[in-house]
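Structural overview
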Amino acid sequence: MEIICETATCVAFYDGYPVSPGHALIIPKRHVASYFVTILFSALTRMFPKPTFAP
């Protein structure tokens, strides 16, 4: 398995049985029930980031 890219939240690698040349899989590192839940969570965390407090 050749890893293409890895971040804190996901990992991408080329498919072992590709549908087409260059087909890749992007897998989240935490369990999610649905891809759409991941998209919603990502959008909400961008819209409402954790507040930062001055020391």
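Everything here concerns the structure above.
What this report covers is the structure whose coordinates are included nearby. In this text, all values refer to a predicted model and were calculated from it rather than measured experimentally.

Quick notes on the overall build of the chain
In terms of regular secondary structure, the chain is built from 1 helix and 3 strands. Traced from its N-terminal end to its C-terminal end, the chain shows the element sequence β-β-β-α. Going through the 55 residues of the chain one by one, you find that 7% of them count as buried. Of the contacts made within the chain by residues no fewer than 6 positions apart, 0% connect residues no fewer than 24 positions apart.

Quick notes on the pairing of strand E2 (residues 10–14)
As paired elements, strand E1 (residues 3–6) and E2 share 3 bridges and run antiparallel to each other. When the sheet's bridge partners are listed, Ile3 is paired in E2 with Phe13. Remark: 3 residues form the turn of the hairpin made by E1 and E2, two consecutive strands paired antiparallel. The pairing of E2 with strand E3 (residues 24–28) spans 5 bridges and is classified as antiparallel. Each residue of the ladder has a partner; that of Ala12, found in E3, is Ile26.

Thoughts on the sheet that holds E1
The strand order across the open sheet built from 3 strands is E1-E2-E3, with neighbouring strands paired in antiparallel fashion. Every interior strand has two partners, whereas the edge strands, E1 and E3, have only one. Strand-to-strand, the axes of this sheet are offset by a mean angle of 15°, without reference to chain direction.

Looking at a nonpolar patch on the surface
Taken together, the side chains of Leu40, Leu44, Met47 and Phe48 define a hydrophobic patch exposed on the protein surface, amounting to about 440 Å² of accessible area. If you trace the backbone, Leu40 turns up in helix H1 (residues 35–47). A relative accessible area of 51% means that Leu40 is categorised as exposed.

Rules used throughout
- Residue numbering note: each chain is counted from 1, following its sequence as written.
- Whole-chain, interface and lining totals are the exception, using all residues; otherwise, since this is a predicted model, local features are given only for residues with pLDDT of at least 70 and side-chain atom pairs are given and counted only at 80 or more.
- Computation of side-chain values: all heavy atoms of the structure, hydrogens and water removed.
- Working definition: helices are DSSP H or I runs of at least four residues, strands are E runs of at least two. Numbering for both runs from the N terminus.
- Throughout this description, buried means an accessible area under 20% of the type-specific maximum (1.4 Å probe, protein chains only), exposed means over 50%, and partly exposed covers the range between.
- Whether two residues touch is decided by their heavy atoms; if any such pair falls within 4.5 Å, the residues are in contact.
- At least two bridges found by DSSP between two strands is the condition for calling them paired.
- Each axis is a line fitted through C-alpha atoms, taken for helices only over the stretch in contact, and angles between the N-to-C directions span 0 to 180 degrees.
- Like charges are joined within 9 Å and nonpolar side chains (Val, Leu, Ile, Met, Phe, Trp, Tyr) within 5 Å, but only among residues with over 30% relative accessible area and no salt bridge; these make up the patches.
- The protein chains shown are the only cover counted for residues, whose accessible areas, like all others here, come from Shrake-Rupley with a 1.4 Å probe.
- Here, a salt bridge means any side-chain nitrogen of Lys or Arg that lies within 4 Å of a carboxyl oxygen of Asp or Glu.

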